[in-house]
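Structural overview for review
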Amino acid sequence: MPVLTILPSGKTIEAEQGSRLLDAIIAAGESIMSKCSGEAKCGTCHVFVQEGKKSMSKATRAENERLDSIVGVGSKSRLACQTNFGTENVTVELLGFDSGR
């Protein structure tokens, strides 16, 4: 089973292949926003995948369109609600949504 490491806390959790990144982050006890119920409409679950991105599901058109509208997006950006685990370990960095908002 792939292992998810969450930064900056350093928490780790095993995740089933094919499971959603958002669900694993929540299961690890991390606070992450998701206002649209996982439909790629709000972008609040934006994370940076630091390791293991190639093993994860490919970004959908809806995800890419939402990411294009978010400030601060980079090549490691994904929406946790749209990303499923592959076979490799993954490290993600959560963004500080509460700061400055």
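Look a little higher up for the structure.
For clarity, every value in this text was computed on a predicted model and none was experimentally measured. (Residues numbered from 1 in each chain as written. Predicted model: local features only at pLDDT ≥ 70, side-chain atom pairs only at ≥ 80, totals over all residues. Heavy atoms only, no water.)

**Some words on the side chain of glutamate 30**
- Examined against the element boundaries, glutamate 30 turns out to sit in the loop between helix 1 (21-27) and strand 3 (46-51).
- Within the local environment of glutamate 30, its side chain forms a polar contact with the side chain of serine 9, the two groups lying 2.4 Å apart.
- Excluding anything up to four places from it in sequence, glutamate 30 contacts Ile6, Ser9, Lys11, Ile25 and Leu94. (Helix = DSSP H or I, 4+ residues; strand = E, 2+ residues; numbered from the N terminus. Polar contact = N/O pair within 3.5 Å; in protein donor to acceptor, adjacent residues only side chain to side chain. Contact = heavy atoms within 4.5 Å.)

**Thoughts on the pattern of salt bridges**
- Applying the stated criterion across every chain yields a total of five salt bridges.
- Across the salt bridge formed by aspartate 23 and arginine 20, the nearest N and O atoms sit 2.9 Å from each other.
- Its relative accessible area of 25% is what places arginine 20 among the partly exposed residues.
- Where arginine 61 meets glutamate 65, a salt bridge forms, and the shortest distance between an N and an O atom there is 3.2 Å. Of this pair, arginine 61 and glutamate 65 both sit in helix 2 (residues 61-68), four residues apart, which is roughly one turn of that helix.
- Classification of glutamate 65 as partly exposed rests on a relative accessible area of 48%. (Salt bridge = Lys/Arg side-chain N within 4 Å of Asp/Glu carboxyl O. Buried < 20%, exposed > 50% of the residue type's maximum accessible area, 1.4 Å probe, protein only.)

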